[in-house]
Protein chains: 2
Amino acid sequence: MKRYQALADDIARSIRQGLLSPGQRLPSVRQASAARKLSPATVFQAYYLLESQGLVEPRARSGYYVSERARAMPPEPDTASQPDGQARAVDVSELVFEVLESAMARDIVPLGSAFMSPTLFPLARLGRAMAHEAVHLDPRSTVDDLTPGNAELRRHIALRYRIGAVPIAANDLVVCNGAIEALNLSIAAVTRPGDAVLVESPCFYAALQTLERRGLHAIEVPTHPREGIELGALDAAIRRHAPAACWLMTNYQNPLGSSLPEAKKRELVELLARHELPLIEDDVYGELHFGAHRPAPAKAFDTRGLVLHCSSFSKTLAPGYRIGWAAPGRYAQRVARLKLTNTLATCVPAQLAIARYLQRGGYDRHLRGLRKTLAAQQAAYLDAVARYFPQGTRVTRPDGGYFLWIELPEGSDALAVQRRAAQQGISIAPGPIFSANRGYAHCLRLNYGHALDARVDAALQVLGALSSAR
Amino acid sequence: MKRYQALADDIARSIRQGLLSPGQRLPSVRQASAARKLSPATVFQAYYLLESQGLVEPRARSGYYVSERARAMPPEPDTASQPDGQARAVDVSELVFEVLESAMARDIVPLGSAFMSPTLFPLARLGRAMAHEAVHLDPRSTVDDLTPGNAELRRHIALRYRIGAVPIAANDLVVCNGAIEALNLSIAAVTRPGDAVLVESPCFYAALQTLERRGLHAIEVPTHPREGIELGALDAAIRRHAPAACWLMTNYQNPLGSSLPEAKKRELVELLARHELPLIEDDVYGELHFGAHRPAPAKAFDTRGLVLHCSSFSKTLAPGYRIGWAAPGRYAQRVARLKLTNTLATCVPAQLAIARYLQRGGYDRHLRGLRKTLAAQQAAYLDAVARYFPQGTRVTRPDGGYFLWIELPEGSDALAVQRRAAQQGISIAPGPIFSANRGYAHCLRLNYGHALDARVDAALQVLGALSSAR
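Since the model is a prediction, treat every value here as computed from it, not as a measurement.

Novice: So, the packing of aromatic side chains: which residues are in play, and what are the values?
Specialist: What characterises a pair of aromatic rings is the spacing of the ring centres plus the angle enclosed by the ring planes. All names here are of chain A. If you walk through the whole model with that rule in mind, you get 26 aromatic pairs over all chains. Summarising the aromatic geometry, the rings of Tyr161 and Trp325 are spaced 6.4 Å apart at their centres and angled 80° between planes, so their arrangement reads as edge-to-face. In this pair, Tyr161 is assigned in helix H7 (residues 151–163) and Trp325 in strand S12 (residues 324–327), connecting sequence segments 164 residues apart. On the accessibility criterion, Tyr161 (7% relative accessible area) is buried. A relative accessible area of 5% means that Trp325 is categorised as buried. Summarising the aromatic geometry, the rings of Tyr205 and Phe434 are spaced 5.7 Å apart at their centres and angled 50° between planes, so their arrangement reads as tilted.

Novice: I'd like to hear about the packing of helix H2 (residues 29–36) of chain B against helix H3 (residues 40–52) of chain B, residue by residue, with values.
Specialist: All names here are of chain B. Axis separation between H2 and H3 bottoms out at 9 Å; the angle between their running directions is 115°. With respect to their mutual orientation, H2 and H3 come out roughly perpendicular. Note that H2 runs across H3; the crossing there is right-handed. Between H2, through Val29, Ala32 and Ser33, and H3, the contact on the second element is made entirely by Pro40, Val43, Phe44 and Tyr47. When grouped by side-chain class, the residues that make up the contact of H2 with H3 number six nonpolar, one polar and no charged.

Novice: Hey, could you go over the interface of chain B and chain A for me, with residue numbers and the actual values?
Specialist: With 49 residues of chain B at the contact, the number on the chain A side is 49 residues. Buried surface at the junction of chain B and chain A, both sides included, amounts to about 4,300 Å², of which 63% is carbon and sulfur. If you sort the residues of chain B by the area they bury against chain A, Arg106(B), Arg337(B) and Thr341(B) come out on top, with a joint share of 15%. Between chain B and chain A we count four salt bridges in total. For Arg337(B), the salt bridge identified is with Glu94(A), shortest N-O distance 3.2 Å. Counting every contact that joins chain B to chain A gives 21 residue pairs in polar contact (both at pLDDT 80 or more). Elements that contribute at least two residues to the side of chain B that touches chain A include exactly helix H4 (93–102), helix H5 (123–135), helix H6 (141–144), helix H8 (178–190), helix H9 (205–213), helix H12 (332–342) and helix H13 (348–360) of chain B. Taken together, the residues of the side of chain B that touches chain A sort by class into 23 nonpolar, 13 polar and 13 charged.

Novice: Go over the pairing of strand S10 (residues 279–282) of chain A with me, naming the residues and quoting the values.
Specialist: Residue and element names in this part refer to chain A. Neither face of S10 is open: one carries Leu279 and Glu281, the other Ile280 and Asp282, and all of them are buried. Where strand S9 (residues 245–248) lies against S10, three bridges are found, and the strand directions are parallel. Note on S10: the bridge partner recorded for Cys246 is Leu279. In the classification by handedness, the crossover that spans S9, the intervening helix H11 (residues 262–274) and the parallel S10 is right-handed. In terms of strand pairing, S10 meets strand S11 (residues 307–312) through four bridges, oriented parallel. Paired with Glu281 across the bridge in S11 is His309.

Novice: Lay out the sheet that holds strand S14 (residues 403–407) of chain B in plain terms, naming residues and giving numbers.
Specialist: All names here are of chain B. Strand order in the open sheet formed by four strands is S13-S14-S17-S16, and the pairing between neighbours is antiparallel. Each edge of the open sheet carries a strand with a single partner, namely strand S13 (394–395) and strand S16 (429–430). In this structure, S14 lies alongside strand S17 (residues 443–447), joined through five bridges in antiparallel fashion. Note on S17: the bridge partner recorded for Ile406 is Leu444.

Novice: So what's going on with the packing of H7(A) against helix H13 (residues 348–360) of chain A? Residues and values would help.
Specialist: All names here are of chain A. It is the contact of H7 with H13, at a shortest axis distance of 8 Å, that shows an interaxial angle of 45°. When the interaxial angle is binned, H7 and H13 end up oblique. Regarding H7 and H13, the two cross each other, and that crossing is left-handed. In this structure, H7 contributes Glu152, Leu153, Arg155 and His156 to the contact, and H13 contributes Gln351, Ile354, Ala355, Leu358 and Gln359.

Novice: Mind laying out the relation of the copies chain B and chain A, listing which residues take part and the relevant values?
Specialist: By a simple turn and slide, chain B fits onto chain A: the slide is 0.0 Å along the axis, the RMSD is 0.1 Å, and the turn is 180°. Here the symmetry operator amounts to a two-fold rotation axis. Identified as the residue of chain B closest to the rotation axis by C-alpha distance is Ala131(B), at 1.9 Å. Looking at the interface residues of chain B, 100% of them are also at the interface in chain A, so both copies use one shared face.

Novice: Mind laying out a positive patch on the surface, listing which residues take part and the relevant values?
Specialist: Residues and elements named next belong to chain A. A cluster of basic side chains, namely Arg125, Arg128, Arg360, Arg365, Arg368 and Lys372, defines a positive patch on the protein surface. Contributions of two or more residues to the positive patch are made by helix H5 (123–135) and helix H14 (363–388). In terms of residues, the positive patch owes the most to one element, H14, which gives three residues.

Novice: How would you sum up the state of the cysteines? Please name residues and give values.
Specialist: Residues and elements named next belong to chain A. One pass over the full model with this rule turns up zero disulfides over all chains. In this structure Cys246 is a free cysteine whose sulfur lies 11 Å from that of Cys203, the closest cysteine sulfur available. The exposure class of Cys246 is buried, given its relative accessible area of 0%. Of all cysteine sulfurs in the structure, the one in Cys176 sits closest to Cys310, which takes part in no disulfide; the separation is 7.3 Å. Among the residues examined, Cys310 registers a relative accessible area of 0% and is labelled buried.

Novice: Could you give an account of the sheet that holds strand S14 (residues 403–407) of chain A, naming the residues involved and the relevant values?
Specialist: Residue and element names in this part refer to chain A. Strand order in the open sheet formed by four strands is S13-S14-S17-S16, with antiparallel pairing between adjacent strands. In this open sheet, the two strands that pair with only one neighbour each are strand S13 (394–395) and strand S16 (429–430). Against the sheet, H14 touches S13, S14 and strand S17 (443–447), its axis set at about 20° to S14.

Novice: I'd like to hear about the side chain of Asp283(A), residue by residue, with values.
Specialist: Residues and elements named next belong to chain A. With respect to the element layout, Asp283 can be found in the loop between S10 and S11. Judged by relative accessible area, which is 1%, Asp283 ranks as buried. Setting aside its immediate chain neighbours within four residues, Asp283 contacts Thr250, Asn251, Arg294, Pro297, His309, Cys310 and Ser311.

Novice: Give me the lowdown on the environment of Tyr388(A), citing residues and values where you can.
Specialist: Residues and elements named next belong to chain A. In this fold, Tyr388 is placed in helix H14. Tyr388 sits in the buried class, given a relative accessible area of 17%. On a C-alpha basis, the gap between Tyr388 and Tyr205 in space is 27 Å, while along the polypeptide they are 183 residues apart. Sequence-distant contacts of Tyr388, that is, excluding residues within four places in its chain, are made with Asp457, Leu460, Gln461, Gly464, Ala465 and Ser468. A distance of 3.1 Å separates the side chain of Tyr388 from the side chain of Arg387, its partner in a polar contact.

Calculation rules
- Residues numbered from 1 in each chain as written.
- Chains lettered and ligands numbered in written order.
- Predicted model: local features only at pLDDT ≥ 70, side-chain atom pairs only at ≥ 80, totals over all residues.
- Heavy atoms only, no water.
- Phe/Tyr/Trp six-rings, centres within 6.5 Å; stacked < 30°, edge-to-face > 60°.
- Helix = DSSP H or I, 4+ residues; strand = E, 2+ residues; numbered from the N terminus.
- Buried < 20%, exposed > 50% of the residue type's maximum accessible area, 1.4 Å probe, protein only.
- Axes fitted to C-alpha atoms, helices over the stretch in contact; angles between N-to-C directions.
- Parallel < 35°, antiparallel > 145°, perpendicular 65-115°, else oblique.
- Left-handed = near helix turned anticlockwise from the far one by under 90°.
- Contact = heavy atoms within 4.5 Å.
- Nonpolar A, V, L, I, M, F, W, Y, C, P; charged D, E, K, R; others polar.
- Buried area = accessible area lost by both parts, 1.4 Å probe.
- Salt bridge = Lys/Arg side-chain N within 4 Å of Asp/Glu carboxyl O.
- Polar contact = N/O pair within 3.5 Å; in protein donor to acceptor, adjacent residues only side chain to side chain.
- Pairing = 2+ DSSP bridges.
- Right-handed = clockwise from strand over helix to strand, strands pointing away.
- Least-squares fit on C-alpha atoms with pLDDT ≥ 70 in both.
- Patch = residues over 30% accessible without salt bridge, like charges linked within 9 Å, V, L, I, M, F, W, Y side chains within 5 Å.
- Areas by Shrake-Rupley, 256 points an atom, 1.4 Å probe, with all protein chains shown as cover.
- Lys, Arg positive; Asp, Glu negative; His and termini not counted.
- Charge placed at Lys NZ, Arg CZ, Asp CG, Glu CD.
- Disulfide = S-S within 2.5 Å.

Written out as structure tokens, the structure is:
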């Protein structure tokens, strides 16, 4: 954990334990900096993070104060999940489709959606880049830029990794039709039907659907809602089940919002390397960090080529363009060949458009604005959850991404909430779609990637009421 | 077979049998029309087809004459293939990749390529359509136009089918990342690993690769180089092997160039319906007909929803855009769900660009020009094959598409020709990549989709010489 995060955590704990009360003033940055032996910038980052979480608020020329609503905030879930540790055939895809299809009406309030609001992206500017490339398209690029993909785009993607000291070169990359194709090809490259794969518990339903479709078994591993998969349990599961691969979201995991601290990522990579086990790393949310720095992917520590790292522009820049990529390490040729037989190639004008956008600059500025917006929306949604959801609710406060994981009081029925909400024009993602055997019956994933306007506020109130009914 | 084709065939046979000699004049259109009881337009079509095949040539104000080179033309292969009829695990993908990867250098002469020249497409006009759509992109379309795809694009695709009396409605269509994804999802929708699938012999290597990747067995069925798969043999194979599906290219089959006559397509659909057997129909070349009318797909006769028809714009309008589709009949929901888990969605700006291009008209004009170009290139390539290839060579004269299938004299080694040609900067597709057990050792597929300039002529001369060496 970074130092500013540790400081923010300490203060948040003090607030939750009542050591700091609403209205009370935090130490000044100078005081805290001296007392903690931290730079003023680090203290500022911590206070800013607390503010984004709705726990403190600045007052002009007077410093930071514990916010009125801070104490009323439902607690975070703070124990790791406890799946049963069995390897089992996955049987959740039908349920996932039922839930997704019930949420496809255009005017539904998209609290269960996997997408944030498309208005948050620089689509006009990106469109101008695409217009330029489309009109000036070199016919040869329709052949040359097929798999593994446009060289200039791969150079730009590699450059961003290089700045973060992640060892991915342009030639290591296979451009894919979104991260989902990259992930599908990666798991196909390292498994055969009947193999077992280690996943987080809960985990992203699309991963489970892929395992189900390919006849793979899932082993759900205990996962902490803040710090991600438990390495001791992971090691034990490897020894017990001899799985073929491990498939994780290392940053702002969907649905928990958990991120492995950097040291834990390094340990994870070393642990898997000792077992010669490939890691499919889904890092589509890594750029959506609320802290000052992009968290490293596990790929940063991969010296053996065992990490098949996957990401995309769909969550950060270009929804609908369907541009993702895999950096599959030692499996690069296998993934490229699978790409050829799966979809042959990725839309060439879309590749060129993003390459041109990246070339002309502005991506980081866009990302800074996007992160601020999402952090502010998280605070607003947390506030609404605090107001509307029943006593005994717990809710995460991830420091990135755009999902909250809500644990309703034990005995709640998230699928019933989801069905009743759908009847009222509100979508929500119920816990059971995130588990190979439909666990997490009392949990919900809430998307805060849409501005909390009056309509959304009313929907959250309805959700809270439905969640209170027993 | 259409009447003009029958007439052209008669005349071509007469030329080959020496009843008509080079330099001899064909009957005038009026004479032939009266003698055959055909309309003058039909006779014109027949003569035009013969001209496109290089067998006759017009002389100003004097009519059509048998061309000088006509008699020298190698004969067509005219017997159906005779595969051994076994169901077997496919083992050809590694060979296919070796061959394709040896052909990936940019300056290679692309006679083995699966693509025609990208200069044959209206990329500038299409690019302007894309520019308009990209700049005016409605953010909501990045969500609304995900699978099954943009409604306007599906409406235009359906309209083209409707004109040809093919019963495909907009709502029956799932937009995919090229025909290859549509085909992959279609076969996945109707099979499980270990199932057997009926294919043509020879058949397109990408179909074989898909079967191999999914652990399906292939049953190669005798196929005539002009009229496609043999229905008697197909029926026998169904009774013997109880396959899960049949996967065919009904028009201008890759690599043979064969097309099922319309009555045979109807019989095929009825035969399969009697066995409740789904047909995966790959029709990507159907629009590239040299005759006056687009040949119907088998889907035209599908009253039971058993035909999963797949096509794309990649071979006719928009290479590199990666827009294809499936019309999966009764399997539509299953294919749409597989699409969601495979790649989630298809590039939205590319969908919108093609919808706009179709809306604004000009596609048919473009296609007419493209067909003429390809027919003329076929004649030129046939001429070169006649000049350069060894005695005993046979070559097809498909009336559409852009592939010739060359049978070298028995005992020839197409893989050796391919390897030596690659060393000289020339690609060619050897017969064994078109067969589950690497048959067709003496055959080559030749792409005539690139203008026959001096460089290509020299390459064909080299290929002919390599093919003559024993």
